[in-house]
Amino acid sequence: MRVPDADLFNPQSIMDSDFSPGGASASASVDPDFGFAFDDSNFSDRTLRIEIMPDLPETKSDGGGCCSIADWARNRKRRREDFKKENDFIGQSEEQILNCNLPYMVDGVTYENQDEEAMAMVEESPSDIGLNSNQIGNGSIYNNDSSKNMDCSKVLRVKTIHISSPILAAKSPFFYKLFSNGMKESEQRHVTLRIHASEETALLDLLSFMYSNTLSTTTPTALLDVLMAADKFEVASCMRYCSRLLRNLPMTCESALLYLDLPSSVLMADAVQPLTDAAKQFLAVRYKDITKFQEEVLNLPLTGIEAVFSSDDLQVASEDAVYDFVLKWARTHYPKLEERRGIFATRLSRVIRFPYMTCRKLKKVLTCIDFDPELASKVVLEALFFKSEMPHRQRALAAEEANATYRRFVERTYKYRPVKVVEFELPRQQCVVYLDLKREECTHLFPAGRVYSQAFHLGGQGFFLSAHCNMDQQSSFHCFGLFLGMQERGSVTFAVDYEFAARSKPTEDYVSKYKGNYTFTGGKAVGYRNLFGIPWTAFMSDDSIYFINGILHLRAELTIRQ
């Protein structure tokens with residue numbers, strides 16, 4: 001099937017017309033099956049010579065020898081670390097090393113897949129095929145002794161495959177550039193690639209996929225190896241194919257964390273995004289209630305912590321609890337203060353939704369040594385400005401972040417509902433507390449539920465509000481009740497005057513519902529079983545005067561009695 005108006009040798013049109021076989025668009029796929037032509041001299045214009053070199057001693061069990069995804073992860077991680085050490089002497093960054101741990105040798109020309117470009121680094125005669133080069137900036141450093149940890153003159157074996165340059169070029173910008181760069185190697189009929197032994201199976205599977213659009217392998221470890229090879233050779237269709245197959249396999253914590261810890265070049269690929277999104281979702285759902293898995297979550301790596309605490313559905317008492325947990329995790333995994341400050345500045349501060357923390361906890365952020373003072377001031381000021389906004393403006397800010405990775409203005413489903421508190425010292429110690437409840441939250445209270453607010457303080461004592469669905473005093477119908485409680489238990493007594501109010505239509509002003517005074521003792525609460533004096537059905541009706549744009553606005557004023 002021909003792609004209308006598509007330039008076969010234009011990488012952009014190639015990528016735009018590249019659909020994953022077997023997916024939702026399979027019936028309309030434009031990728032023909034050339035499996036019959038793979039390694040067939042009758043349908044080939046070149047030969048590909050694959051030189052297989054020894055793996056590093058520590059990685060001989062890598063690749064196909066792994067019996068589990070955990071083995072694959074350990075070997076890959078060790079291998080990346082070994083190559084990092086190998087290249088430290090030329091000052092390369094880890095990301096560059098991950099992308100080019102072994103340059104692919106093409107007829108004496110070293111190609112490295114760096115910055116999404118397959119570039120010819122040095123042109124040499126075929127006799128110098130063992131020469132290794134590494135790019136730094138705009139220049140090259142040539143290591144005539146080859147790799148420090150690999151004897152490039154020792155070739156374990158050689159495989160020769162017949163290839164069709166149009167087919168490979170249509171699937172891979174790497175091969176497209178190789179066959180069309182105008183240099184002498186683009187005219188040669190023989191192309192040589194040099195790879196590690198652990199990459200042999202994956203490369204052969206990848207080449208077969210470029211012809212047939214399918215893979216025979218289905219194991220997670222083999223698919224991950226092919227995915228890595230597809231990333232190096234820029235075969236986006238194969239990356240999508242592997243990503244989809246991996247996504248359809250049963251997810252575990254181990255595999256989810258592995259998918260999130262793939263090299264950065266793989267993670268940044270659009271083709272792998274659905275897989276990483278699925279991994280994040282799996283972890284977020286599994287650890288939704290962190291109170292049940294505290295020790296397990298505390299042992300998660302950074303990518304796991306980001307996935308869990310970026311979720312809107314996290315079941316947690318309050319954002320203060322999120323802050324405390326993340327701080328504990330950081331102190332456990334980053335004992336050095338400088339490293340801890342760095343990880344908060346670059347990663348961890350994004351998963352804490354400071355605007356929903358209490359003012360008392362925000363004050364502690366300002367003096368917390370784990371935060372750089374400039375960062376602490378920034379997040380606290382941002383939180384305070386958000387708290388000062390009108391509710392409709394807060395909802396607008398949250399909506400703007402609906403599709404963002406880190407949603408600092410989006411409210412989670414907290415066990416204790418956030419409140420706004422205005423405190424006064426003079427002429428009397430007083431506080432005004434604002435509690436907003438969504439209609440859906442009120443609906444879930446029926447028939448005997450309750451929801452608690454975050455704690456707030458007056459005169460050094462902690463208080464909270466609780467909204468209830470309960471029976472009226474005659475037990476004849478359900479109704480909405482509001483109560484004020486004091487946190488401290490024991491022999492503490494505290495006398496306050498209080499007033500409950502709610503906004504109501506048509507004026508939408510706060511209207512006082514009840515006033516009273518009460519001398520609290522530890523753990524006691526006071527309030528009204530039927531705040532509005534109407535049955536629950538009338539309170540929740542579509543024409544209820546107490547819900548304004550789907551929100552119930554409550555206010556409590558507390559004053560210390562003289």
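Note that the structure is predicted; figures quoted are calculated from it, not measured.

(A) Here's a closer look at the environment of Ser-255. When you line up the elements, Ser-255 lands in helix 10 (residues 253-260). Residue Ser-255 is classed as buried on the basis of its relative accessible area of 4%. Ser-255 sits 186 residues away from Ile-69 along the chain, and the two C-alpha atoms are 6.9 Å apart. Contacts of Ser-255, omitting those with residues within four sequence positions, involve Ile-69 and Pro-250.

(B) Representation of helix 7 (residues 200-212) in the model. Between the first and last C-alpha of helix 7 there are 18 Å, a value that for 13 residues agrees with the 18 Å anticipated at 1.5 Å per step. Counting buried positions along helix 7 gives 10 out of 13 residues, so the element sits mostly inside the fold. Along helix 7, the residues classified as buried are Glu-200, Ala-202, Leu-203, Asp-205, Leu-206, Leu-207, Phe-209, Met-210, Tyr-211 and Ser-212.

(C) Here's a closer look at the state of the cysteines. Here the structure, examined in full by the defined rule, presents 0 disulfides. Cys-442 takes part in no disulfide bond, and the closest cysteine sulfur to it belongs to Cys-469, at a distance of 9.7 Å. Look at Cys-442 and you get buried, because its relative accessible area is 0%. Note on Cys-479: no disulfide assigned, nearest cysteine sulfur contributed by Cys-469 at a separation of 7.3 Å.

(D) Structural view of helix 5 (residues 173-180). In terms of burial, helix 5 is a largely internal element, 6 of the 8 residues being buried. Where helix 5 is concerned, the buried positions are Pro-173, Phe-174, Phe-175, Tyr-176, Leu-178 and Phe-179. For helix 5, the N-terminal cap is Ser-172; the gap from its side-chain oxygen to the backbone nitrogen of Phe-174 is 3.1 Å.

(E) Representation of the confidence of the model for the protein chain. In the predicted model, the protein chain carries a mean pLDDT of 80, and 76% of its residues have values of at least 70. Low pLDDT, under 50, characterises residues 1-29; the stretch is placed with 43 contacts to residues that sit more than four places away or in other chains. Low pLDDT, under 50, characterises residues 81-150; the predicted model gives this stretch 150 contacts beyond four residues in sequence or across chains.

(F) Representation of unusual backbone geometry in the model. With an omega of 10 degrees, the peptide bond running from Phe-446 to Pro-447 counts as cis. Its location among the elements puts Pro-447 in the loop between helix 20 (439-443) and strand 12 (450-453). For the peptide bond that leads from Lys-505 to Pro-506, omega is 5 degrees, which places it in the cis range. For Pro-506, the position within the fold is in the loop between strand 16 (493-504) and strand 17 (509-521). The residue Glu-234 is not glycine, and still its phi comes out positive at about 60 degrees. With respect to the helices, strands and loops of the structure, Glu-234 is situated in the loop between helix 8 (220-232) and helix 9 (236-248). Located in the positive-phi region is Asn-549, a residue other than glycine, with phi close to 55 degrees.

(G) Summary view of the pattern of salt bridges. In this structure the tally under the stated criterion is 21 salt bridges. The partner of Arg-393 in a salt bridge is Glu-400, and the shortest N-O contact between them spans 4.0 Å. Since its relative accessible area comes to 33%, Arg-393 is described here as partly exposed. The exposure class of Glu-400 is exposed, given its relative accessible area of 58%. Here the salt bridges share partners, and the residues they tie into one network are Arg-49, Glu-51 and Arg-194.

(H) Here's a closer look at the sheet that holds strand 1 (residues 46-53). If you trace the 3 strands from one edge of the open sheet to the other, you get 7-1-8, paired in mixed fashion. Of all the strands in the sheet, just strand 7 (157-163) and strand 8 (190-196) have a single pairing partner and so form its edges. Here the strands of the sheet are splayed against their neighbours by 25 degrees on average, with no regard to which way each runs. Where strand 1 lies against strand 8, 7 bridges are found, and the strand directions are parallel. Note that in strand 8 the partner of Arg-49 across the bridge is Thr-192. Against the sheet, helix 7 touches strand 1, strand 7 and strand 8, its axis set at about 5 degrees to strand 7.

(I) Region of the structure containing the packing of aromatic side chains. A complete count under the given rule lists 36 aromatic pairs for this structure. Here Tyr-356 and Phe-386 contribute two aromatic rings whose centre-to-centre distance is 5.6 Å and whose plane-to-plane angle is 65 degrees, an arrangement assigned as edge-to-face. Here Tyr-356, found in the loop between helix 16 (337-346) and helix 17 (359-366), pairs with Phe-386, found in helix 18 (residues 373-388); they are 30 residues apart in sequence, far enough to count as distant. Judged by relative accessible area, Tyr-356 falls into the buried class, the value being 10%.

What counts, and at which threshold
- Residues numbered from 1 in each chain as written.
- Predicted model: local features only at pLDDT ≥ 70, side-chain atom pairs only at ≥ 80, totals over all residues.
- Heavy atoms only, no water.
- Helix = DSSP H or I, 4+ residues; strand = E, 2+ residues; numbered from the N terminus.
- Buried < 20%, exposed > 50% of the residue type's maximum accessible area, 1.4 Å probe, protein only.
- Contact = heavy atoms within 4.5 Å.
- Expected span 1.5 Å × (residues − 1).
- Disulfide = S-S within 2.5 Å.
- Polar contact = N/O pair within 3.5 Å; in protein donor to acceptor, adjacent residues only side chain to side chain.
- pLDDT = per-residue confidence, 0-100.
- Salt bridge = Lys/Arg side-chain N within 4 Å of Asp/Glu carboxyl O.
- Pairing = 2+ DSSP bridges.
- Axes fitted to C-alpha atoms, helices over the stretch in contact; angles between N-to-C directions.
- Phe/Tyr/Trp six-rings, centres within 6.5 Å; stacked < 30°, edge-to-face > 60°.

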